[in-house]
Amino acid sequence: ATKLSVRTHCGGARISPGCAVQPRELLVDHNAVSRKLTSKLLQMFGCAIDVAVDRIGAAVNKMKFKKYDLVLM
């Protein structure tokens, strides 16, 4: 079982999943509010986030140059 710990810094919570390597996520969304909320949530889990704004072509292009652990659309 993976142990999660929560610690606070700069007034916000940060959840430490105990990963040896920081997960890299690609977020593809046209809605600015949704992008911001999802980015903040992923940052709380210690993820590195790249964003593509509502274009499948932009997402595919980013995936050609970087490896992602998760792509959220």
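Everything below is about the structure printed above this text.
Rules of the game
- Residues numbered from 1 in each chain as written.
- Predicted model: local features only at pLDDT ≥ 70, side-chain atom pairs only at ≥ 80, totals over all residues.
- Heavy atoms only, no water.
- Helix = DSSP H or I, 4+ residues; strand = E, 2+ residues; numbered from the N terminus.
- Buried < 20%, exposed > 50% of the residue type's maximum accessible area, 1.4 Å probe, protein only.
- Contact = heavy atoms within 4.5 Å.
- Salt bridge = Lys/Arg side-chain N within 4 Å of Asp/Glu carboxyl O.
- Core = buried A, V, L, I, M, F, W, Y, C linked by side-chain atoms within 4.5 Å.
- Pairing = 2+ DSSP bridges.
- Right-handed = clockwise from strand over helix to strand, strands pointing away.

## Observations concerning the overall build of the protein
Point 1. Along its length, the protein carries two helices and five strands.
Point 2. Helices and strands appear in the protein in the N-to-C order β-β-β-α-β-α-β.
Point 3. Per-residue burial for the protein yields a buried fraction of 27% across its 73 residues.
Point 4. Restricting the contact set of the protein to residue pairs at least 6 apart, pairs at least 24 apart contribute 55%.

## Examining the pattern of salt bridges
Point 1. Under the criterion given, the structure shown has two salt bridges.
Point 2. A salt bridge links Arg24 to Asp50; the shortest N-O distance between them is 3.6 Å. Placement of Arg24 in strand β3 (residues 24-28) and of Asp50 in strand β4 (residues 48-52) is noted, with a sequence separation of 26 residues between them.
Point 3. On the basis of relative accessibility, which here comes to 13%, the residue Asp50 falls in the buried class.

## Here we look at the nonpolar core
Point 1. Leu26, Val28, Ala52, Ala58, Ala59 and Tyr68 together form the largest nonpolar core, which totals six residues.
Point 2. At the level of elements, β3 and α2 (56-65) are the ones that each hand at least two residues to this core.
Point 3. If we skip the residues at most four places from it in the chain, Tyr68 touches Arg24, Glu25, Leu26, Asp50, Lys62 and Met63.

## Some points on the pairing of β3
Point 1. Burial of β3 is extensive: four of the five residues sit out of reach of the surface.
Point 2. Both β3 and β4 contribute to a ladder of five bridges, which runs parallel. If you follow Leu26 over to β4, its bridge partner there is Asp50.
Point 3. At this point the chain moves from β3, through helix α1 (residues 32-44), to the parallel β4, and the crossover so formed is right-handed.
Point 4. Bridging between β3 and strand β5 (residues 70-72) involves three bridges; their strand directions are parallel. By the bridge assignment for β5, Glu25 is matched with Leu70.

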